[in-house]
Number of protein chains: 2
Amino acid sequence: MDKIDKLRQQMKEKAVDLIALAPGANLNWLLGVNPHADERPLIFLLTQTGLGFLMPELEAESARQQTDIRFYTWSDATGPTSALDNLLTDLKGFASRSIVIDETMRADHAALIQDKVLNANRAFTASTIGKLRMIKDKSEQNILRENANQADTAMQNALSEIQSGMTEDAVASVIQSSFSEQGALPQFSIVASGPNSAFPHHQTGSRVLNDGDVVVIDLGGKFKGYASDITRMAILGSPPGDYKMIHQIVEDAVCAALEAAKPGEVAKNVDKAARDVITKAGFGQYFIHRTGHGLGSEIHEPPYITATSDTILEPGMVFSIEPGIYIPGKFGIRLEEIVILNDKGPEVLSKLSRKENILNT
Amino acid sequence: MDKIDKLRQQMKEKAVDLIALAPGANLNWLLGVNPHADERPLIFLLTQTGLGFLMPELEAESARQQTDIRFYTWSDATGPTSALDNLLTDLKGFASRSIVIDETMRADHAALIQDKVLNANRAFTASTIGKLRMIKDKSEQNILRENANQADTAMQNALSEIQSGMTEDAVASVIQSSFSEQGALPQFSIVASGPNSAFPHHQTGSRVLNDGDVVVIDLGGKFKGYASDITRMAILGSPPGDYKMIHQIVEDAVCAALEAAKPGEVAKNVDKAARDVITKAGFGQYFIHRTGHGLGSEIHEPPYITATSDTILEPGMVFSIEPGIYIPGKFGIRLEEIVILNDKGPEVLSKLSRKENILNT
């Protein structure tokens, strides 16, 4: 059964009449179509019996190389309204009682659709495409293993080059070059040094690395349409006095979450396993995010491993385990693994140790 | 008067009670705040008397380095609902009759706000922030001039390196390195060769450049928070027989639009000036996009120079003039200038000739 059929079955089960997708991960997963996205509405619509694209005229020839699905083309002069009306008429979309909108769609594009079906219930993709995308098949799992290997290489390159006197940006460049050389697209490279390591999503910048710095290195790329993601720690010279003790707590939290992650378990119990370790050690207030997120064609996607998620874990799910402790003004520590959930438990994709990398300066 | 005051005045004039902004160009323009954006709702709300951020807990410490505005913080465990309720209560936002949403906000984040004020009129930023952002002050104009100079350098580097046997991707790398070396962030580099040049937004790829290829090079970077954008043509060896004739038509269309662009003129007349030249030459059906777009902190922003835009041009507006002719299966030609509209007419920012760059192979 192809993905469109599977999605239509989900739509039937959830009584969804119409799905609207924007350029991005959902559309690429469903159709392998990845058109240029800008402020011009480009929207794919799907019902039980029909489908079509609202398509800006200047993108049509290029998008046609990727799909044979019918285009309802509009020009910069006329705007999208009448093409959208024609598409909705052909799809009997005006009668929709329940619609699903791609959560990543721009608000103005989503409004075009919503304003046409004002009385319809509106949901996002979590219970339809999101549910399908959560379970990775064997070929997707193999790509994710390859990607994890590339991320390991990028991490090793960063760890071998990093030293006092470099800027965070320079370390990020090493990471980006490593992905590029492996044929992957660099996606993100957080290099958070010294007190910056206490910001989970630090914006990597011009800070110069110093002796004694704790450095969070969180990196990922894209290859064959799928993502990678890993976090490891580096310490330049002698770590702060309490560093090793806190690193061990985060390591224990990773192990506890890996132990808890089994098919049939509820996602929130995996979060609890990690969080309990950190809370019992007295650092609960400094673990300021969820334990993990799904990974696939997007860097963050379902399932989310939060303290309140009732998602039941199933074989084929792929997600991160990444507890952290962030002490403002001092330093932060995060260790992140990506796992594929197999029948018996999690398969950790990275081959790299999670130990502190204490580097000579 | 600071930007918040100016925006509140616009809100008063347009009877807008509440504005909601996402991380991105609008928020950066208004507050100089540029937080990490992901699937977690991070939204800035503004009314006549109040303001505040809905803020994911893990971003708070980092965002606090950029602003003193009050945060309504939520955690991955609890979700954003109750923090948003508190923010809307403090801002008396539940009583809003008219709201403006950042058009670039994700659909699921916009829905959080819209679902709280279901009976309010909803608009996007065009008549409030969009209107303010359209007029660039002297310091913004100077940054845009600097940026145009960087783009010229990147274009010259590409033109000096491009040759038969290179891939499109390799030419794009030259462009990206040039921006990086100048301290700018590479934003986009369309290298559309041979038949690919007929796709206005070609996705630069692994095609190898050949003798006789027409190549569209459209590039831009970001520096000091503002964008650059320029398009020039390169031809490897002997151009196709009708190339020079069509290049001259596009050049004449650029000149006609530059002639038409004056303060007080309506934007659609600038589009008409360019389009008439191309239509009269018999190529109207191949000019498949608008004549231009505004340029500022975003690569595309108001004013849009389309066949139907009634926007009246004013001194301080900055926009592109970029007619093109795209013949499917053969080749495409686009020439793009960025202009600052001064009292007497347009100031073209690039110093580069628009002539065909016929390169030895």
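This structure is a prediction, so every number in the text was calculated from the model and none was measured.

### Comments concerning helix α10 (residues 267–280) of chain B
Residues and elements named next belong to chain B. Helix length check: α10, at 14 residues, gives a terminal C-alpha distance of 20 Å against a target of 20 Å (1.5 Å per residue), a fit within 8%. Where α10 is concerned, the buried positions are A267, V270, D271, A273, A274, R275 and I278. In the core, the buried residues of α10 are packed alongside α9 (243–260), β12 (301–305), β13 (318–321) and β14 (324–327). At the C-terminal side of α10, G282 shows a positive phi close to 95°.

### As for the relation of the copies chain A and chain B
With an RMSD of 0.0 Å, the operation that places chain A on chain B is a rotation of 180° combined with a shift of 0.0 Å along the axis. Taken together, the rotation and translation relating the two chain copies correspond to the operation of a two-fold axis. A high fraction, 100%, of the interface residues of chain A reappear at the interface in chain B, so the copies pair face to face through one surface.

### A closer look at the domain arrangement of chain A
Where interface size is quoted, it is often the accessible area lost as the parts come together. All names here are of chain A. Split into domains, chain A comes out as domain 1 (3–133) and domain 2 (135–359). Computed over C-alpha atoms, the centres of domain 1 and domain 2 are 34 Å apart. Contacts between the two partners involve six residues from domain 1 and, on the opposite side, seven residues from domain 2. When domain 1 packs against domain 2, the two sides together hide about 600 Å² of surface, and 35% of this comes from carbon and sulfur. Per-residue buried area on domain 1 facing domain 2 is highest for A25, W29 and R133; these three make up 62% of the total on that side. The tally of links from domain 1 across to domain 2 stands at two salt bridges. Note that E298 is salt-bridged to R133, the shortest N-O span being 3.0 Å.

### Points about the sheet that holds strand β4 (residues 71–74) of chain A
All names here are of chain A. Spatially, β4-β3-β2-β1-β5-β6 is the arrangement adopted by the six strands of the open sheet, whose pairing is mixed. The open sheet has two edge strands with one neighbour each: β4 and β6 (121–123). Ignoring which end each strand starts from, the neighbouring axes of this sheet average 20° apart. As paired elements, strand β3 (residues 51–56) and β4 share four bridges and run parallel to each other. Bridge pairing links F53 to F71 in β4. Its contacts with the sheet place helix α4 (residues 81–90) against β1 (18–21), β2 (43–46), β3 and β4, and it is angled at close to 160° to β4.

### Here's the deal with unusual backbone geometry
Residue and element names in this part refer to chain A. Following P302, the chain continues to P303 via a peptide bond in cis, the omega torsion being 0°. The phi angle at A15 is positive, at roughly 55°, despite the residue not being glycine. Its place among the elements puts A15 in the loop between α1 (3–13) and β1. Despite not being glycine, K92 shows a phi value in the positive range, around 50°. Looking at where K92 falls in the secondary structure, it is placed in the loop between α4 and β5 (98–101).

### So, the interface of chain A and chain B
Listed as interface residues are 41 residues of chain A and, on the opposing side, 41 residues of chain B. For the chain A and chain B pair, buried surface summed over both sides reaches about 3500 Å², with 53% attributable to carbon and sulfur atoms. Among the residues chain A hides against chain B, the three largest losses belong to L58, F199 and H201 of chain A. Together they make up 17% of the total. The interface formed by chain A and chain B holds four salt bridges in total. Those elements that place two or more of their residues in the side of chain A that touches chain B are α3 (57–64) and α5 (107–114) of chain A. Of all the elements, α3 of chain A adds the most residues to the side of chain A that touches chain B, at five residues. Partitioned by chemical class, the residues of the side of chain A that touches chain B number 15 nonpolar, 12 polar and 14 charged.

Conventions we followed
Residues numbered from 1 in each chain as written. Chains lettered and ligands numbered in written order. Predicted model: local features only at pLDDT ≥ 70, side-chain atom pairs only at ≥ 80, totals over all residues. Heavy atoms only, no water. Helix = DSSP H or I, 4+ residues; strand = E, 2+ residues; numbered from the N terminus. Expected span 1.5 Å × (residues − 1). Buried < 20%, exposed > 50% of the residue type's maximum accessible area, 1.4 Å probe, protein only. Contact = heavy atoms within 4.5 Å. Least-squares fit on C-alpha atoms with pLDDT ≥ 70 in both. Domains from an automatic or database assignment. Buried area = accessible area lost by both parts, 1.4 Å probe. Salt bridge = Lys/Arg side-chain N within 4 Å of Asp/Glu carboxyl O. Pairing = 2+ DSSP bridges. Axes fitted to C-alpha atoms, helices over the stretch in contact; angles between N-to-C directions. Nonpolar A, V, L, I, M, F, W, Y, C, P; charged D, E, K, R; others polar.

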